[in-house]
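# Geometric and topological summary
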Amino acid sequence: MRFGIIGAGPIGSNIAKKLVDNGHDVKIADARGIERLEGKKLSGTPVVVEDVIKNIDVLIISIPFHALPSIRHIIDKVGKEVVVVDTSNYFPQFSSKIEEIENGMVESVWVSNQLGRPIIKAFNNFIAYTLEHHGTPEGNHGRIAIAIAGDDPSHKQIIMGVANDLGFDSVDSGSLSDSWRQQPGTPAYCTELTKEELAIALNKANKEKAPFLRDKVMEKRLASPGGYSPQDIVNLNREIYSNES
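Quick summary incoming for the structure in this document.

Here is what the cut-offs are and how they apply
Residue positions within a chain follow its written sequence, with the count starting from 1. Local features in a predicted model are, by the rule used here, given only for residues with pLDDT of at least 70; side-chain atom pairs are given and counted only at 80 or more, and totals for whole chains, interfaces and linings are based on all residues. The side-chain figures draw on all heavy atoms in the structure; neither hydrogens nor water molecules are used. The way it works is that DSSP assigns letters per residue, a run of H or I at least four long becomes a helix, a run of E at least two long becomes a strand, and they are numbered from the N terminus. Using a 1.4 Å probe on the protein chains alone, a residue whose accessible area is under 20% of its type maximum counts as buried, one over 50% counts as exposed, and one in between counts as partly exposed. Any two residues whose heavy atoms approach within 4.5 Å at even a single point are treated as in contact. Only the stretch in contact is used when fitting a helix axis, every axis being a line fitted to C-alpha atoms; angles between N-to-C directions are given from 0 to 180 degrees. Roughly parallel refers to an angle under 35 degrees, roughly antiparallel to one over 145, roughly perpendicular to one between 65 and 115, and oblique to any angle outside these ranges. By definition, any crossing whose near helix is turned counterclockwise from its far helix by less than a right angle is left-handed, and any crossing with a clockwise turn is right-handed. When residues are sorted by character, Ala, Val, Leu, Ile, Met, Phe, Trp, Tyr, Cys and Pro go into the nonpolar class, Asp, Glu, Lys and Arg into the charged class, and all the rest, Gly among them, into the polar class. Stacked, tilted and edge-to-face are the three classes applied to pairs of Phe, Tyr and Trp rings, where Trp contributes its six-membered ring and a pair requires centres within 6.5 Å; stacked means planes under 30 degrees apart, edge-to-face means over 60, and tilted covers the rest. What makes a nonpolar core is a set of buried Ala, Val, Leu, Ile, Met, Phe, Trp, Tyr and Cys residues whose side-chain atoms join them at distances within 4.5 Å.

Its place among the elements puts His-155 in helix H7 (residues 153-166). The buried category is assigned to His-155, whose relative accessible area is 18%. What His-155 contacts, discounting residues up to four positions off in sequence, is Glu-81, Val-82, Val-83 and Ile-120.

Here the focus is the packing of helix H9 (residues 210-223) against helix H10 (residues 230-244). Running from amino to carboxyl end, H9 crosses H10 at an angle of 150°, the nearest separation of the two axes being 10 Å. The pairing of H9 with H10 is recorded here as roughly antiparallel in orientation. H9 and H10 meet at a crossing whose hand is right-handed. From H9, Leu-213, Arg-214, Lys-216, Val-217, Lys-220 and Arg-221 reach across to H10, where they touch Ile-233, Leu-236, Asn-237, Ile-240, Tyr-241 and Glu-244. Tallied by class, residues from the contact of H9 with H10 come to six nonpolar, one polar and five charged.

Turning our eyes to something else, we now look at the packing of aromatic side chains. For the structure on display, the rule yields six aromatic pairs. A centroid spacing of 5.5 Å and a plane angle of 50° characterise the contact between Phe-65 and Tyr-90, whose relative ring orientation is tilted. Placement of Phe-65 in the loop between strand S4 (58-61) and helix H3 (72-75) and of Tyr-90 in the loop between strand S5 (83-86) and helix H4 (99-102) is noted, with a sequence separation of 25 residues between them. As far as burial versus exposure is concerned, Phe-65 and Tyr-90 are alike and both buried.

What follows concerns the nonpolar core. Judged by nonpolar contacts, the single largest core of 29 residues is most densely connected at Ile-15, Leu-19, Val-85, Phe-123 and Ile-159. Those elements giving two or more residues to this core turn out to be strand S1 (2-6), helix H1 (10-21), strand S2 (25-29), S4, S5, helix H6 (128-133), strand S7 (145-148) and H7. By residue number, the principal contributor to this core is H7, which donates five residues. Beyond its immediate chain neighbours, meaning those up to four positions away, Leu-19 contacts Phe-3, Ile-5, His-24, Val-26, Ile-60, Val-162 and Leu-166.

Structure below.
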(Lines give C-alpha, C1' and ligand atoms only; values in the text may rest on other atoms or scores of the structure.)
Protein backbone atom coordinates (compact mmCIF):
# COMPACT_ATOMS: atom_id res chain seq x y z
CA MET A 1 0.00 0.00 0.00
CA ARG A 2 0.97 3.62 -0.41
CA PHE A 3 1.18 5.75 2.74
CA GLY A 4 1.69 9.39 3.49
CA ILE A 5 2.63 10.42 7.02
CA ILE A 6 2.48 13.99 8.32
CA GLY A 7 4.64 14.17 11.41
CA ALA A 8 8.09 12.70 12.06
CA GLY A 9 7.97 12.46 15.84
CA PRO A 10 8.27 9.19 17.78
CA ILE A 11 4.91 7.81 16.64
CA GLY A 12 5.05 8.91 13.01
CA SER A 13 8.66 7.86 12.45
CA ASN A 14 8.15 4.45 14.09
CA ILE A 15 5.04 3.76 12.03
CA ALA A 16 7.02 4.72 8.92
CA LYS A 17 9.85 2.34 9.78
CA LYS A 18 7.56 -0.61 10.40
CA LEU A 19 5.57 0.04 7.24
CA VAL A 20 8.73 0.21 5.13
CA ASP A 21 9.99 -2.99 6.78
CA ASN A 22 6.75 -4.65 5.65
CA GLY A 23 7.23 -3.59 2.05
CA HIS A 24 4.89 -0.61 1.91
CA ASP A 25 5.61 2.61 0.03
CA VAL A 26 5.93 5.48 2.52
CA LYS A 27 6.36 9.22 2.20
CA ILE A 28 6.87 11.34 5.30
CA ALA A 29 6.60 15.10 5.81
CA ASP A 30 6.77 17.77 8.49
CA ALA A 31 3.93 20.27 8.24
CA ARG A 32 6.35 23.07 9.22
CA GLY A 33 8.71 22.43 6.31
CA ILE A 34 10.92 19.70 4.88
CA GLU A 35 13.99 21.32 6.43
CA ARG A 36 12.68 20.07 9.79
CA LEU A 37 13.48 16.54 8.62
CA GLU A 38 17.16 17.24 7.92
CA GLY A 39 19.48 15.17 10.09
CA LYS A 40 16.74 12.80 11.22
CA LYS A 41 17.14 9.08 10.64
CA LEU A 42 13.90 8.28 8.86
CA SER A 43 12.41 5.40 6.92
CA GLY A 44 10.44 6.28 3.82
CA THR A 45 10.91 9.21 1.47
CA PRO A 46 11.05 12.73 2.97
CA VAL A 47 8.88 15.11 0.96
CA VAL A 48 7.26 18.51 1.30
CA VAL A 49 3.85 18.35 2.94
CA GLU A 50 2.09 19.27 -0.30
CA ASP A 51 3.49 16.11 -1.93
CA VAL A 52 2.89 13.70 0.95
CA ILE A 53 -0.82 13.54 0.09
CA LYS A 54 -0.34 12.63 -3.59
CA ASN A 55 -0.95 9.10 -4.91
CA ILE A 56 -1.56 7.47 -1.52
CA ASP A 57 -4.07 5.03 -0.06
CA VAL A 58 -3.70 6.04 3.59
CA LEU A 59 -2.72 9.33 5.23
CA ILE A 60 -1.54 9.11 8.84
CA ILE A 61 -1.46 12.39 10.75
CA SER A 62 0.79 12.38 13.81
CA ILE A 63 1.25 15.97 14.94
CA PRO A 64 0.38 17.75 18.21
CA PHE A 65 -3.35 17.98 18.81
CA HIS A 66 -3.47 21.76 18.91
CA ALA A 67 -1.67 21.98 15.54
CA LEU A 68 -4.26 20.00 13.60
CA PRO A 69 -6.32 23.01 12.41
CA SER A 70 -3.17 24.42 10.77
CA ILE A 71 -3.12 21.65 8.13
CA ARG A 72 -6.74 22.04 7.00
CA HIS A 73 -5.60 23.57 3.70
CA ILE A 74 -3.55 20.43 3.03
CA ILE A 75 -6.30 18.00 4.04
CA ASP A 76 -8.77 19.80 1.76
CA LYS A 77 -6.71 18.50 -1.17
CA VAL A 78 -6.64 14.85 -0.07
CA GLY A 79 -8.62 12.50 -2.30
CA LYS A 80 -11.97 11.39 -0.89
CA GLU A 81 -10.94 7.74 -1.30
CA VAL A 82 -7.92 8.14 0.99
CA VAL A 83 -8.20 6.77 4.53
CA VAL A 84 -7.23 9.56 6.95
CA VAL A 85 -5.95 8.46 10.37
CA ASP A 86 -5.36 10.71 13.38
CA THR A 87 -3.05 9.53 16.18
CA SER A 88 -3.21 12.58 18.45
CA ASN A 89 -4.44 13.10 22.01
CA TYR A 90 -5.67 16.20 23.81
CA PHE A 91 -3.61 17.28 26.81
CA PRO A 92 -4.57 20.81 27.91
CA GLN A 93 -1.36 20.98 29.98
CA PHE A 94 0.64 21.33 26.76
CA SER A 95 -1.60 23.71 24.83
CA SER A 96 -4.40 26.15 25.44
CA LYS A 97 -7.70 24.62 26.48
CA ILE A 98 -10.22 23.95 23.72
CA GLU A 99 -13.66 25.04 24.83
CA GLU A 100 -15.65 22.49 22.83
CA ILE A 101 -13.66 19.58 24.26
CA GLU A 102 -13.75 20.99 27.78
CA ASN A 103 -17.53 21.09 27.38
CA GLY A 104 -17.72 17.42 26.41
CA MET A 105 -17.10 17.15 22.67
CA VAL A 106 -15.26 13.93 21.79
CA GLU A 107 -11.66 14.73 20.82
CA SER A 108 -11.80 12.97 17.46
CA VAL A 109 -15.12 14.56 16.56
CA TRP A 110 -13.44 17.93 17.10
CA VAL A 111 -10.52 16.81 14.93
CA SER A 112 -12.85 15.66 12.16
CA ASN A 113 -14.63 19.02 12.29
CA GLN A 114 -11.32 20.90 12.10
CA LEU A 115 -10.06 18.84 9.16
CA GLY A 116 -13.39 18.94 7.36
CA ARG A 117 -13.66 15.22 6.65
CA PRO A 118 -14.21 11.81 8.26
CA ILE A 119 -11.22 10.30 10.04
CA ILE A 120 -10.18 7.08 11.72
CA LYS A 121 -8.86 7.33 15.29
CA ALA A 122 -5.98 4.89 15.79
CA PHE A 123 -2.45 4.48 17.14
CA ASN A 124 -3.22 6.94 19.94
CA ASN A 125 -3.55 4.47 22.81
CA PHE A 126 0.00 3.26 23.17
CA ILE A 127 3.26 5.06 23.90
CA ALA A 128 6.02 5.32 21.31
CA TYR A 129 8.18 2.80 23.17
CA THR A 130 5.42 0.20 22.92
CA LEU A 131 5.08 0.85 19.21
CA GLU A 132 8.80 0.54 18.63
CA HIS A 133 9.63 -2.44 20.84
CA HIS A 134 6.55 -4.49 21.68
CA GLY A 135 5.06 -5.48 18.34
CA THR A 136 4.93 -9.26 17.79
CA PRO A 137 3.90 -11.62 14.97
CA GLU A 138 0.22 -12.42 14.51
CA GLY A 139 -0.98 -15.20 16.79
CA ASN A 140 1.58 -14.61 19.55
CA HIS A 141 0.22 -15.15 23.05
CA GLY A 142 -0.19 -11.86 24.91
CA ARG A 143 -0.01 -9.73 21.77
CA ILE A 144 -0.82 -6.09 22.55
CA ALA A 145 -3.89 -4.60 20.87
CA ILE A 146 -4.86 -1.10 19.77
CA ALA A 147 -8.29 0.50 19.54
CA ILE A 148 -9.62 1.73 16.20
CA ALA A 149 -12.66 4.00 15.94
CA GLY A 150 -14.43 5.52 12.96
CA ASP A 151 -17.64 5.71 10.98
CA ASP A 152 -16.52 3.83 7.85
CA PRO A 153 -16.28 0.05 8.44
CA SER A 154 -14.15 -0.54 5.34
CA HIS A 155 -11.65 2.11 6.42
CA LYS A 156 -11.44 0.56 9.86
CA GLN A 157 -10.72 -2.83 8.31
CA ILE A 158 -7.86 -1.32 6.32
CA ILE A 159 -6.31 0.16 9.44
CA MET A 160 -6.75 -3.10 11.33
CA GLY A 161 -4.60 -4.66 8.63
CA VAL A 162 -2.03 -1.90 9.07
CA ALA A 163 -1.99 -2.52 12.84
CA ASN A 164 -1.30 -6.19 12.17
CA ASP A 165 1.66 -5.24 9.95
CA LEU A 166 2.99 -3.10 12.79
CA GLY A 167 2.81 -6.07 15.16
CA PHE A 168 -0.44 -5.48 17.02
CA ASP A 169 -3.94 -6.89 17.29
CA SER A 170 -6.83 -4.45 17.10
CA VAL A 171 -10.29 -3.92 18.51
CA ASP A 172 -13.09 -2.05 16.75
CA SER A 173 -14.01 0.54 19.37
CA GLY A 174 -17.07 1.84 17.54
CA SER A 175 -17.98 5.05 15.78
CA LEU A 176 -15.99 8.26 15.98
CA SER A 177 -18.42 9.45 18.63
CA ASP A 178 -17.42 6.38 20.66
CA SER A 179 -13.71 7.13 20.42
CA TRP A 180 -13.73 8.84 23.81
CA ARG A 181 -13.36 5.30 25.16
CA GLN A 182 -9.73 5.29 24.00
CA GLN A 183 -8.86 8.85 25.02
CA PRO A 184 -6.42 9.69 27.82
CA GLY A 185 -7.97 8.99 31.21
CA THR A 186 -9.61 5.70 30.21
CA PRO A 187 -8.53 2.10 30.98
CA ALA A 188 -7.77 1.55 27.28
CA TYR A 189 -5.22 4.36 27.11
CA CYS A 190 -1.56 3.26 27.07
CA THR A 191 -2.03 0.25 29.34
CA GLU A 192 -0.66 -2.45 26.96
CA LEU A 193 -3.64 -4.79 26.91
CA THR A 194 -4.41 -7.89 24.88
CA LYS A 195 -7.35 -7.93 22.48
CA GLU A 196 -9.62 -9.51 25.07
CA GLU A 197 -8.47 -7.17 27.84
CA LEU A 198 -8.83 -4.12 25.61
CA ALA A 199 -12.44 -4.95 24.75
CA ILE A 200 -13.23 -5.08 28.47
CA ALA A 201 -11.34 -1.82 29.12
CA LEU A 202 -13.24 0.02 26.40
CA ASN A 203 -16.54 -1.00 27.97
CA LYS A 204 -15.30 0.06 31.41
CA ALA A 205 -14.46 3.63 30.36
CA ASN A 206 -16.14 6.49 32.22
CA LYS A 207 -16.50 9.62 30.12
CA GLU A 208 -17.10 11.97 33.04
CA LYS A 209 -14.11 10.76 35.06
CA ALA A 210 -11.66 10.53 32.16
CA PRO A 211 -10.47 14.19 32.13
CA PHE A 212 -9.90 14.12 35.89
CA LEU A 213 -7.92 10.87 35.71
CA ARG A 214 -5.93 12.12 32.70
CA ASP A 215 -4.90 15.20 34.66
CA LYS A 216 -4.12 13.15 37.76
CA VAL A 217 -1.65 10.99 35.85
CA MET A 218 -0.07 14.01 34.18
CA GLU A 219 0.35 15.80 37.52
CA LYS A 220 2.21 12.79 38.90
CA ARG A 221 4.45 12.58 35.85
CA LEU A 222 5.27 16.28 35.82
CA ALA A 223 6.01 16.24 39.57
CA SER A 224 8.54 13.41 39.25
CA PRO A 225 12.08 14.89 39.18
CA GLY A 226 13.59 11.74 37.68
CA GLY A 227 10.84 11.15 35.16
CA TYR A 228 9.15 7.85 34.39
CA SER A 229 10.44 4.92 32.39
CA PRO A 230 8.12 3.56 29.65
CA GLN A 231 7.09 0.67 31.89
CA ASP A 232 6.53 3.06 34.79
CA ILE A 233 4.15 5.06 32.57
CA VAL A 234 2.21 1.95 31.64
CA ASN A 235 2.03 0.87 35.27
CA LEU A 236 0.89 4.32 36.41
CA ASN A 237 -1.82 4.36 33.75
CA ARG A 238 -2.98 0.89 34.77
CA GLU A 239 -3.09 1.85 38.43
CA ILE A 240 -5.11 5.05 38.00
CA TYR A 241 -7.15 4.50 34.85
CA SER A 242 -8.17 0.91 35.58
CA ASN A 243 -8.68 1.10 39.34
CA GLU A 244 -10.47 4.43 39.53
CA SER A 245 -12.68 4.41 36.44
